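Okay, here's what each chain looks like letter by letter:
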Amino acid sequence: MLEIVIGGVVDPPPAKTRYTFCRAEGETGLGFDLTPEGAVVATAVFQRMNQPTPPLRHTQDLAACSAPLCQLFKFVDYSDLQLGGGIWRFKAPTADPVQLVLGLALAFKLEHEVGGDWAVEVYSDVWPLYTDLLAMARGLRGLLRIYTSVYDSRVLVADRALMAVSGVTLESLSLKKEWAGGRLCAVEVPWSVEEVEEDVKELVRTVLDAGGFVTLKYAVENFGREAVLKAQRLGYVELDAFSSTLKLTQKGMSLL
C-alpha cells in the first residue's frame with residue numbers, strides 16, 4: 001500500500017514492524033541485499049538523472065559508485081538491517097532522492113522477507129517525478145508512507161493521501177501575515193561512508209578466504225599495522241584479544 005502525507009507528520013501507522021527517519025526506540029542500519037524490484041528502482045532513478053551506475057546488488061553499492069549522485073548516498077548508515085518487530089529508526093538525509101530510493105528498496109525487501117504488517121516512513125519532495133516506480137508499491141502487503149511538502153495532482157498514484165495542514169495561498173498569507181505549518185521530526189545523518197583503501201579490502205578478502213579469521217601477527221606482518229587498525233575502525237574485522245585473532249564481521253562480508 002502507498003500513502004502520501006502532505007505538510008507534516010501524522011500519527012504513525014499501526015504496524016508490528018515500523019521503519020522511520022523519526023526518533024524511535026530502536027535503531028537500524030539500511031544495509032541489505034537488494035531485491036530485483038529494489039535494483040530496478042535505484043537503476044531507474046540514476047539513469048533518469050543521467051548518472052548510470054554499474055549493476056547494484058546491495059544498498060551500500062549506492063555509496064560506492066562513481067556517479068556524482070552517489071556522494072549523497074554516502075551519508076547513510078549501512079549497518080545491517082534489523083528485521084525483528086518494533087519501531088526502528090534509520091539514519092539517512094532527506095536530500096532527494098536518497099530516502100525515496102532506499103524507502104522503496106526497503107519496502108520490497110520487507111515484502112519478500114516479512115510479508116505483511118510492516119510500515120516504512122520516508123521523506124521526499126521529488127516523488128511526482130517517479131509515480132511509475134511508486135505505483136509498484138501499491139500492491140504490497142505492508143505500507144510505504146511518503147511525507148512531503150509538495151502537492152501535485154499526481155498524488156492519485158497513492159492508495160491514500162492525507163493533507164496534514166491547511167492550505168496556504170499568497171492572498172491568505174497577506175491577510176493573516178502568518179501561517180502555521182505541520183510538525184516534522186528532526187533528521188539525523190551519519191558521517192559519510194569512507195572510501196575503503198585497497199590494502200584494507202585485501203586484508204578483509206584474506207580473512208574471508210582463510211575461513212573467517214587469521215592471527216593478528218599474520219595480518220600485521222602481511223598487511224601492516226595501519227591497514228589492520230583501519231579495518232577494525234571501519235567494523236570489517238574484530239579483534240579477539242584472548243586468542244589474538246582477527247575475525248570477519250557481517251559488515252566485512254558485505255564489503256566484498
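The preceding data block contains the structure.
Residues numbered from 1 in each chain as written. Predicted model: local features only at pLDDT ≥ 70, side-chain atom pairs only at ≥ 80, totals over all residues. Heavy atoms only, no water.

Draft legend 1. Quick look at the sheet that holds strand β6 (residues 143-148). Read across the open sheet, the seven strands follow the order β3-β4-β2-β5-β6-β1-β7; overall the sheet is parallel. The open sheet has two edge strands, β3 (26-27) and β7 (160-163), and neither has a second partner. Strand direction decides the pairing type here: strand β1 (residues 2-6) and β6, joined by five bridges, are parallel. In the sheet register, valine 5 faces β6, and the bridge partner there is tyrosine 147. Its contacts with the sheet put helix α3 (residues 98-113) on β2 (17-20), β5 (118-123) and β6, and the angle it makes with β5 is roughly 175°. (Pairing = 2+ DSSP bridges. Helix = DSSP H or I, 4+ residues; strand = E, 2+ residues; numbered from the N terminus. Contact = heavy atoms within 4.5 Å. Axes fitted to C-alpha atoms, helices over the stretch in contact; angles between N-to-C directions.)

Draft legend 2. Seen up close, the nonpolar core. Of all hydrophobic cores here, the largest spans 60 residues; its most connected members are Leu62, Phe73 and Ile146. Mapped onto this core, the elements with two or more residues apiece are β1, α1 (36-48), α2 (70-73), α3, β5, α4 (131-134) and β6. For this core, the leading source of residues is α3, giving ten residues. Every residue in contact with phenylalanine 73, bar those within four places of it in the chain, is listed here: Phe46, Leu62, Ala63, Tyr78, Pro97, Val98, Val101 and Leu102. Listed in part, the 17 residues of the second largest apolar core include Val196, Val200, Val204 and Leu255. (Core = buried A, V, L, I, M, F, W, Y, C linked by side-chain atoms within 4.5 Å. Buried < 20%, exposed > 50% of the residue type's maximum accessible area, 1.4 Å probe, protein only.)

Draft legend 3. Quick look at the side chain of glutamate 3. Position of glutamate 3 among the secondary structure elements: in strand β1. Taking the relative accessible area as the measure of exposure, glutamate 3 reaches 3% and is therefore buried. Polar contacts involving the side chain of glutamate 3 include one to the side chain of arginine 145, which spans 2.5 Å. In terms of polar contacts, glutamate 3 uses its side chain to reach the side chain of arginine 160, at 2.7 Å. What glutamate 3 contacts, discounting residues up to four positions off in sequence, is Leu143, Leu144, Arg145, Ile146, Arg160 and Leu162. (Polar contact = N/O pair within 3.5 Å; in protein donor to acceptor, adjacent residues only side chain to side chain.)

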